[in-house]
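If you want the building blocks of each chain, they are given just below.
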Amino acid sequence: MGILNKIKVSKDAVAIPERVGGESFILDTDMYKAKVVLAFIGEYASGALYLEAHFEIEGRKNKYVEKLLLTNKQHETTYVNKKTGQNTLFASFTTADNLSLLTTGKGILDQDVSKRTVKLYDYDAREEREKEVDACMDMHGKPVNLLIRRTVEDKKTLVSGEWIATGETRFENSIANVADEAGFTVNEIQQDLKEPLFTVAWLAKWQGVITDNVMGAKAGGNTAAEPVQAKSVTI
C-alpha cells in the first residue's frame, strides 16, 4: 500500500451521485475508448495526494493525462458539503476509485503500489526526465471508456495570496465519469443492470457541448479561449 496508507477514510462519507450532465490536445466532449498506460500516486507540496493517470486514446497520437485529487492536505478524502451539511467524497476521488475498480476490480485505496522509474514531461525543463513514482502497476494496460468534458475556464493569476481572474479564458478537459468496454459505469455494474443507461443519456445531453464556467474578471480582458489540457487544482 505504501503512500496510500496516509489516506484517512471516513465511514459516513457520501459520494456525489452520477448526473447526466493537426491534432489538438483538447478533446471534444465525448466518450473515448482508452487504455491506461501509466497510473501513479503523487503528493503535492501541501501534502494532498492525487492519482495521475496517463491514457492512450484510440485513434489519437497524443496521450491524455489527468491528475485526480484524492485527498486534502490532511489526507482526508472528504469535505463538508455546505448545502447539505453532509461529509462528501471529493468527486475526483470517486472518479479515481471507479477507474481503479473498472481496471483491476479493486478500489484505489486497495491498490498495491510499487516504486518505478518513468519518464515524465518536466514543464520547467521543457523535456522528459526520469522520475521515481509510486505506480499502480495492476492498472497499467487495462482498457476503459472515458467520458470527457470540454469546458471554458477563467485564466487566473495569484494576487496577494488570492487567485484572481485575468479576463482571459482557456479550454480545459476533465474526466466526468468512466465506464467499462461495454459502456457500463461502476454503479450500473453494482446494480447488475442489463443495459448501460448512464453513458447513453450522458452522450445524448453532453456530446459536443462546451460548458462555459467563466466567471470573468473584475475589469475587461481578452476572452479568446486558449486550449490547455486538464490541470489539477492548486492545493
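See the structure above.
Cut-offs and rules
- Residues numbered from 1 in each chain as written.
- Predicted model: local features only at pLDDT ≥ 70, side-chain atom pairs only at ≥ 80, totals over all residues.
- Heavy atoms only, no water.
- Helix = DSSP H or I, 4+ residues; strand = E, 2+ residues; numbered from the N terminus.
- Buried < 20%, exposed > 50% of the residue type's maximum accessible area, 1.4 Å probe, protein only.
- Salt bridge = Lys/Arg side-chain N within 4 Å of Asp/Glu carboxyl O.

J.: Looking at this model, I keep getting lost on unusual backbone geometry. Mind explaining?
T.: Residues apart from glycine generally show negative phi values, whereas peptide bonds are mostly found in trans. Phi at His75 takes a positive value of approximately 65°, unusual for a residue other than glycine. Tracing the backbone shows His75 in the loop between β3 (64-69) and β4 (78-80). Positioned with a positive phi, Arg126 is a non-glycine residue whose angle comes to about 60°. Counting through the fold element by element, Arg126 comes out in the loop between β6 (113-122) and β7 (127-136). Residue Arg126 is classed as exposed on the basis of its relative accessible area of 68%.

J.: Help me understand the pattern of salt bridges, please; the structure alone is not making it clear to me.
T.: Side-chain pairs of opposite charge can arise whenever the charged atoms involved come near each other. Under the counting rule described, the total for this entry stands at 10 salt bridges. For Arg150, the salt bridge is made with Asp28, and the minimal N-O distance between the two is 2.8 Å. With Arg150 in strand β8 (residues 143-159) and Asp28 in the segment before β1 (30-43), this pair connects stretches of sequence that are 122 residues apart. On the accessibility criterion, Arg150 (14% relative accessible area) is buried. For Asp28, a relative accessible area of 45% translates into the label partly exposed. Between Glu168 and Lys155 there is a salt bridge, with its nearest N and O atoms 3.7 Å apart. Residue Glu168 is found in strand β9 (residues 162-179), and its partner Lys155 is found in strand β8; the two are separated by 13 residues along the sequence. For Lys155, a relative accessible area of 18% puts it in the buried group. If you follow the salt bridges from partner to partner, you end up with Lys106, Asp112 and Asp138 in one network.

It is worth stressing that arrangement in space is one thing and function is another; only the former is reported here.
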